[in-house]
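# Architecture and fold: a report
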Amino acid sequence: PSRDGTFSEAEVIYQDHLDTLTHAMMTDDFDLFRSRMGLPHNVRTQNAEFWVEDFVKMKFMFKEVLSSMAVGGVSKMIRLVKHADFDGEASIIGMHETHKFDRTTYLARPYLNRLRLERHEDGIWRETHCANAIELHGKKFGLARTNPNKTTVPALGTVSERTEND
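To keep things clear, this report deals only with the structure shown in the data block. As the structure is a prediction and not an experimental result, all values here were calculated from the model. (Residues numbered from 1 in each chain as written. Predicted model: local features only at pLDDT ≥ 70, side-chain atom pairs only at ≥ 80, totals over all residues. Heavy atoms only, no water.)

### Observations concerning the packing of aromatic side chains
Applying the stated rule across the entire model yields five aromatic pairs. Summarising the aromatic geometry, the rings of F33 and F62 are spaced 4.8 Å apart at their centres and angled 45° between planes, so their arrangement reads as tilted. Taken together, the positions of F33 in helix α2 (residues 30-35) and F62 in helix α3 (residues 55-71) put the pair 29 residues apart, joining distant regions of the chain. The same class applies to F33 as to F62, namely buried. Through a chain of ring-to-ring contacts, three or more aromatic side chains come together here, namely F30, F33 and F62. Its guanidinium or amino end placed over the ring of F55, R34 lies 4.1 Å from that ring's centre, counting from NZ or CZ. (Phe/Tyr/Trp six-rings, centres within 6.5 Å; stacked < 30°, edge-to-face > 60°. Helix = DSSP H or I, 4+ residues; strand = E, 2+ residues; numbered from the N terminus. Buried < 20%, exposed > 50% of the residue type's maximum accessible area, 1.4 Å probe, protein only. Lys NZ or Arg CZ within 6 Å of the ring centre and 35° of its normal.)

### Some details on the pattern of salt bridges
Per the stated rule, a full pass over the model turns up five salt bridges. Its salt-bridge partner being D16, residue R36 comes within 3.3 Å of it at the nearest N-O pair. Of this pair, R36 sits in the loop between α2 and β1 (37-44) while D16 sits in helix α1 (residues 9-26); the two residues are 20 residues apart in sequence, bridging distant segments of the chain. For D16, a relative accessible area of 38% corresponds to the partly exposed category. The partner of R126 in a salt bridge is D122, with the nearest N and O atoms 2.8 Å apart. On the accessibility criterion, R126 (15% relative accessible area) is buried. (Salt bridge = Lys/Arg side-chain N within 4 Å of Asp/Glu carboxyl O.)

### A look at α3
Residues lying three or four places apart along an α-helix face the same way, a consequence of the helix completing one turn every 3.6 residues. The terminal C-alpha atoms of α3 lie 24 Å apart, and with 17 residues this matches the ideal 24 Å at 1.5 Å per residue to within 8%. Listed in full, the buried residues belonging to α3 are M58, M61, F62, E64, V65, L66 and M69. Where α3 begins, the capping side chain belongs to D54, and its oxygen is found 3.1 Å from the backbone nitrogen of V56. Note on α3: the residue one or two positions beyond its end, G73, has a positive phi of about 80°. (Expected span 1.5 Å × (residues − 1). Polar contact = N/O pair within 3.5 Å; in protein donor to acceptor, adjacent residues only side chain to side chain.)

Read these as layout, nothing more, since geometry by itself doesn't imply function.
This is the structure we're talking about:
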């Protein structure tokens, strides 16, 4: 959002994407989740990188994340755009902050993420890249944790490193 609290067109599209995927995760709706994801999909964390090349792997990752959230007691998740900009006519790159709660209690400190969204031929914006300020443990996405000593988000595509102060 700008200093006056208004959102650019790219930020509105980005926040809609976040809201849709958050709803899909909180309601275990893989079909909705899948409808907003592009393949291949690149995932980066502070200590790992991998590609999801088909929807079978995507569903495995989705279920793993949901399982981790359930074990961790996550009953509510809020993801808020910090900034997003068009990178050409059919691409948006942005950053957001993720907040996870057990009802009204924070479960961990909020952490930063960045996404690349691409507009496909059907006009739908789909996520093709994500970078998260978390570390994977055991090489499983569901075992991700924030590291209080690291606050930068891994680079995403051509986006330069940014800190939470940007």
